[in-house]
Amino acid sequence: MNIQVVPEHKLSSVAPLKQCNVEKKEVELILVKDQNGVQYTSSSVMPSTGHRTGPPGNPEDDRETWGKKIDFLLSVIGFAVDLANVWRFPYLCYKNGGGAFLIPYVLFLFIAGMPLFYMELALGQFNREGAATVWKICPVFKGVGYTVILIALYVGFYYNVIIAWSLHYLFSSMTRELPWLRCGNIWNSLNCTDPQGINSSVLGNGTSYAKYKLTPSAEYYERGVLRLHESGGIQDLGMPRWDLSLCLIAVLFILFFSLWKGVKSSGKVVYITATMPYVVLFVLLIRGVTLPGSMDGIRAYLHIDFKRLNNLEVWIDAATQIFYSLGAGFGVLIAFASYNKFDNNCYRDALLTSTVNCVTSFFSGFAIFSVLGYMAYKHGVKIEDVATEGAGLVFIIYPEAISTLPGSTFWAIVFFIMLLTLGLDSAMGGMEAVITGLTDDFKILKRNRKLFTFATAFGTFLIALCCVTNGGIYVLTLLDKYAAGTSILFAVLIEAIGVSWFYGVDRFSDDIEQMMGFRPGLYWRLCWKYVSPAFLLFVVIASTLTATSLKYDDYVFPHWSNVLGWGIAMSSMLLVPVYAVYKFCTVPGHTFKERIAYCITPEQDYHKVAEGDVRQFKLKHWLSI
């Protein structure tokens, strides 16, 4: 921002003032900045003709935008609503007091989930940058951007494999009789047991039906699909399986052709991938409630046990679930919002999409537990014996229940289409975060986006091959625990501190007012500055203290695999301090204080550092809300 002393006879040549009635004086002190339709004259802001179109210093013309507003909303909903909404939330709700679990869940949604969601959407929309370059607002924190980009890449390595499993099951369902209905197949063991002969007396010894690994459905998953019995552990992976590799290639081809043209193409794909799960969930719910025993399952899901709220584990589960469910911190929300029009109402978007996500989680529980109630009724066991979470629910228990229904082939195809679409738009979001984050930072990648998108998809495929081997489930379990565990919580904690404390809640609120014409209320500002960072610190500490050694069912991972896992986690987290040191060493400035000033001052305000006017060196900055 330049201060120009303009003589009277030259006033007519100052273009931005042609429409302003300026009194003639001998000398005018004029502060002019006319970019993106916003003029700054003295300290006042006067929108020029037309609506607000972009932040100062970042023209909107050269950045594509969503074709329609609904493209953005469906993309955000599609990313946030993923497999965990179906395979994790219902079980957590059931395990942690049923309806009582909703109390900490909704509390954390309002005090932390929604504020973080809103913050990321506003941050991306105002600055119109990806997860790394958005930190021009406080350059020393740019390492956080690289951290979340790397985490999103790590997640893609194994998340796409789970989608490939869904595709494998979808193809396998296209038969007259589902392959996991009965024993006697080439993959079955000699101990395979017909489910009709399994009841509480057969199980015995406190073994739950969900953990019983000798059913045709369990053996199809572990022996037919994963070939787990042919691996001796994580040290014995074997070669990639050709059938799963082909499914993985198909998944990555879908991702590539969805993303290669940017949001113009991905914004249309989500019309199918984001809406299909709702149609299927509704159909499955209608079918589920007609089954015998379904009401017992739903009653078990909704039962209220307030005594469970005395257990700290319930609150930790609620906090981590709301955080991971909304998907803050992966750089996806920032990337998606950066393609919005500058004056889009992202406040309304944040409330709408985060609410839809949480309601979907709750609604999916009815579709899941109606079928679990039927399973318990069929085998004469308790709901707790069939209730489970994760892959065991969607690839063993639910498919087994479907296989016993009339028209089982149809129901299986419908169910696995739902899993496929749930996974695809979440995977699209993660890959878009990587692509947008790096193409915004490195212009050569932006000029060659299609090639870079292909390189990202191909690189993801090569690494993911480790997860489609006979011992691939062990690699997947390791990545699932360490790639986006403590590291993503740490990244979002630093992000919240960077925006709320170093950049400043008041300045961030000014940015939002410039976009939408109104400032965030006191509630949001207090959450951003105090509540959300405290919440994130609580979750980071809790996840660290409750961490257990790595295991898959009865298999305990060797010590070196836990060390490797922490190495993966640290590889992303270390980018924060490493980049901070690099930035400190490369910024201009002769003294320590000057370098710190350049590190924490927005790039557009660097001239103020040279003038000695550093906002962060004043107490007022740290006390403002």
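This text goes with the structure placed above it.
Residues numbered from 1 in each chain as written. Predicted model: local features only at pLDDT ≥ 70, side-chain atom pairs only at ≥ 80, totals over all residues. Heavy atoms only, no water.

Visitor: Explain the overall build of the chain here, please?
Guide: Scanning the chain from N- to C-terminus turns up 27 helices and seven strands. Of all 625 residues assigned to the chain, the portion counted as buried reaches 59%. In the chain, the proportion of contacts linking residues at least 24 apart, taken out of those at least 6 apart, comes to 78%. With an accessible surface of roughly 25900 Å², the chain has 64% of that area assigned to carbon and sulfur atoms. (Helix = DSSP H or I, 4+ residues; strand = E, 2+ residues; numbered from the N terminus. Buried < 20%, exposed > 50% of the residue type's maximum accessible area, 1.4 Å probe, protein only. Contact = heavy atoms within 4.5 Å. Areas by Shrake-Rupley, 256 points an atom, 1.4 Å probe, with all protein chains shown as cover.)

Visitor: Can you help me understand helix α21 (residues 486-516) in this one?
Guide: Each full turn of the α-helix corresponds to 3.6 residues, which orients residues three or four apart in the same direction. Between its terminal C-alpha atoms α21 stretches only 35 Å, short of the 45 Å expected from 31 residues at 1.5 Å a residue. By the largest-angle criterion, G504 marks the main kink of α21, which is about 100 degrees. Across the 31 residues that make up α21, a large majority, 25, are buried. Just downstream of α21 lies G517, where phi reads positive at about 90 degrees. (Expected span 1.5 Å × (residues − 1). Bend = angle between axes of the 7 residues up to and from the residue.)

Visitor: Even after reading the chapter, I still don't get the environment of F79, so can you show me in this structure?
Guide: Turning to its location among the elements, F79 is positioned in helix α1 (residues 69-80). The spacing of F79 and V270 is 191 residues in sequence and 9.4 Å in space, taken between C-alpha atoms. Filtering out sequence-adjacent residues up to four positions away, F79 remains in contact with L326, G327, F330, V332, L333, F336, D425, S426, G429 and G430.

Visitor: Honestly, the state of the cysteines in this entry has me stumped. Any pointers?
Guide: The full count for this structure, using the stated rule, is one disulfide. Covalently, C183 is tied to C192 through a disulfide, its sulfur atoms 2.0 Å apart. Judged by the sign of its S-S torsion, about -75 degrees, the cystine formed by C183 and C192 is left-handed. Summary of cysteine pairing: C599 is not part of a disulfide, and the nearest cysteine sulfur, belonging to C138, is at 8.5 Å. (Disulfide = S-S within 2.5 Å.)

Visitor: Which parts of the structure should I look at to understand the side chain of D440?
Guide: As for its position among the elements, D440 is in helix α17 (residues 408-441). Reaching out from D440, the side chain makes a polar contact with the side chain of K446 at a distance of 2.8 Å. Apart from residues lying up to four places away in sequence, D440 is in contact with R63, E129, G130, T133 and K446. (Polar contact = N/O pair within 3.5 Å; in protein donor to acceptor, adjacent residues only side chain to side chain.)

Visitor: Explanation requested: the pattern of salt bridges in the structure shown.
Guide: Overall, the coordinates contain 21 salt bridges when judged by the stated rule. Linking E389 and R88 is a salt bridge whose minimum nitrogen-to-oxygen distance equals 2.8 Å. Separated by 301 residues along the polypeptide, E389 in the loop between α15 (383-386) and α16 (391-403) and R88 in the loop between α2 (83-87) and α3 (89-95) bring together distant segments of the chain. The exposure class of E389 is partly exposed, given its relative accessible area of 28%. One network of salt bridges, with partners in common, ties together R63, D440 and K446. (Salt bridge = Lys/Arg side-chain N within 4 Å of Asp/Glu carboxyl O.)

Visitor: Just checking my understanding: could you explain the packing of aromatic side chains for this structure?
Guide: Centre-to-centre distance and the angle between the planes together describe a pair of aromatic rings. Under the counting rule described, the total for this entry stands at 57 aromatic pairs. Taken together, a centroid distance of 5.8 Å and an interplanar angle of 50 degrees make the contact between F256 and W260 tilted. Owing to a relative accessible area of 25%, W260 belongs among the partly exposed residues under this scheme. Among the aromatic residues, those joined into a cluster by ring pairs are W165, Y169, W180, W187, Y220, Y221, F395, Y398, F415 and F416. Note that K529 overlies the ring of W501, its terminal NZ or CZ placed 4.5 Å from the centroid. (Phe/Tyr/Trp six-rings, centres within 6.5 Å; stacked < 30°, edge-to-face > 60°. Lys NZ or Arg CZ within 6 Å of the ring centre and 35° of its normal.)

Visitor: Looking at this model, I keep getting lost on the nonpolar core. Mind explaining?
Guide: The nonpolar side chains of soluble globular proteins are, as a tendency, buried together. Counting residues in hydrophobic clusters, the biggest one holds 198 residues, and the most contacted among them are W165 and F395. Of the residues forming this core, the biggest block, 18 residues, is contributed by helix α5 (residues 142-172). Those residues in contact with W165 that sit more than four places away from it in its chain are Y221, L226, L244, F395, I473 and L476. (Core = buried A, V, L, I, M, F, W, Y, C linked by side-chain atoms within 4.5 Å.)

Visitor: Any chance you could explain unusual backbone geometry here in plain terms?
Guide: The phi torsion of most residues other than glycine is negative, and most of the peptide bonds are trans. Of note, R128 is a non-glycine position whose phi angle comes to about 55 degrees, a positive value. Inspection of the secondary structure assignment puts R128 in the loop between α4 (102-127) and α5.

Visitor: Could you clarify how one ought to interpret the environment of L438 in this entry?
Guide: Turning to its location among the elements, L438 is positioned in helix α17. Look at L438 and you get buried, because its relative accessible area is 19%. It is 9.6 Å that separates the C-alpha atoms of L438 and F452, two residues lying 14 residues apart in sequence. Each residue touching L438, except ones within four places of it in the same chain, is listed here: I149, L445 and F452.

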